[in-house]
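Each chain, letter by letter, is given below.
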Amino acid sequence: MDFINRALNGGSSYTSSSLVDLISHEDWRLAQMEVETKPSDARVWHKRSGFFDGSHDSNVLPIHMAVALRPTPEFVDCLVNAYPAGLKAVEPNVSLIFVTSSSCQIQLATE
C-alpha cells in the first residue's frame with residue numbers, strides 16, 4: 001500500500017483538485033461531500049506516476065485512486081452515482097478493472 005500512497009501523492013504533473021487531495025488523505029466523508037457538490041470531478045482523469053506498478057505513469061480516475069485505498073462503500077457508491085461510466089473506464093496499462101461498489105471488492109488484471 002505504501003507505493004500506492006506515494007503514487008497518489010507524488011510525481012504528478014497537474015494541479016491537484018481538492019477531490020484528489022481528499023482521496024489521497026483517505027478523508028472519505030469530505031471526499032463524498034466534494035463529489036456531491038461537484039460531481040463532474042468524478043470524471044476527470046489524472047496522471048499519476050507509478051500508480052499501478054510503482055514505476056510507470058498512469059492515467060486514472062478518482063474511482064481508481066479511491067479503490068486502491070479501500071474507501072467506504074458509501075464513497076464508492078457516490079463516485080459511481082456521479083460517473084457510472086467510471087466503472088468501465090480502463091487505464092491503458094490495465095486490461096480489466098472490476099469494482100463491486102456495495103462491497104468495495106476490486107479485481108485488477110494487468111497486461
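Quantities reported herein were computed from a predicted structural model and do not represent experimental measurements.

Draft legend 1. Molecular detail of the pairing of strand S2 (residues 57-60). Residues Ser58 and Val60 line the buried face of S2, whereas the alternating positions Asp57 and Asn59 sit on a face that is not buried. Both strand S1 (residues 46-49) and S2 contribute to a ladder of four bridges, which runs antiparallel. Within the sheet, the bridge partner assigned to serine 49 lies in S2 and is aspartate 57.

Draft legend 2. Spotlight on the packing of aromatic side chains. Per the counting criterion, the structure on display carries one aromatic pair. When the centroid spacing of 5.4 Å and the interplanar angle of 35 degrees are considered together, the rings of tryptophan 28 and phenylalanine 75 count as tilted. With tryptophan 28 in helix H3 (residues 28-37) and phenylalanine 75 in helix H5 (residues 73-82), this pair connects stretches of sequence that are 47 residues apart. Here the two residues tryptophan 28 and phenylalanine 75 agree in accessibility, since each one is buried.

Draft legend 3. Main features of unusual backbone geometry. Positive phi is not limited to glycine here, since glutamate 26 has a value of about 55 degrees. Residue arginine 70 is not a glycine yet carries a positive backbone phi of 55 degrees. With respect to the helices, strands and loops of the structure, arginine 70 is situated in the loop between helix H4 (62-67) and H5.

Draft legend 4. Expanded view of the nonpolar core. Ile23, Val35, Ile63, Phe75 and Leu79 are the most contacted members of the largest nonpolar core, which totals 25 residues. A total of six residues in this core trace back to one element, the largest contributor, which is H5. When residues no more than four places from it in sequence are discounted, the contact partners of isoleucine 63 are Val76, Leu79, Val80, Gly86 and Leu87.

Draft legend 5. Summary view of H3. Every buried residue of H3 is listed here: Trp28, Ala31 and Val35. Looking down the long axis of H3, one finds its buried residues gathered within 60 degrees of arc, a one-sided arrangement. The exposed residues of H3 that point more than 90 degrees off its buried face are Arg29, Glu36 and Thr37. Looking at the packing, one finds that the buried side of H3 touches helix H2 (18-24), H4 and H5.

Draft legend 6. Spatial organisation of the pattern of salt bridges. For the coordinates displayed, the defined rule picks out one salt bridge. Among the salt bridges present, the one from aspartate 41 reaches lysine 38, with a minimum N-O distance of 3.8 Å. The buried category is assigned to aspartate 41, whose relative accessible area is 10%. Accessibility expressed as a relative area gives 43% for lysine 38, which makes it partly exposed.

How each quantity is defined
- Residues numbered from 1 in each chain as written.
- Predicted model: local features only at pLDDT ≥ 70, side-chain atom pairs only at ≥ 80, totals over all residues.
- Heavy atoms only, no water.
- Buried < 20%, exposed > 50% of the residue type's maximum accessible area, 1.4 Å probe, protein only.
- Helix = DSSP H or I, 4+ residues; strand = E, 2+ residues; numbered from the N terminus.
- Pairing = 2+ DSSP bridges.
- Phe/Tyr/Trp six-rings, centres within 6.5 Å; stacked < 30°, edge-to-face > 60°.
- Core = buried A, V, L, I, M, F, W, Y, C linked by side-chain atoms within 4.5 Å.
- Contact = heavy atoms within 4.5 Å.
- Arc of directions from axis to C-beta.
- Salt bridge = Lys/Arg side-chain N within 4 Å of Asp/Glu carboxyl O.

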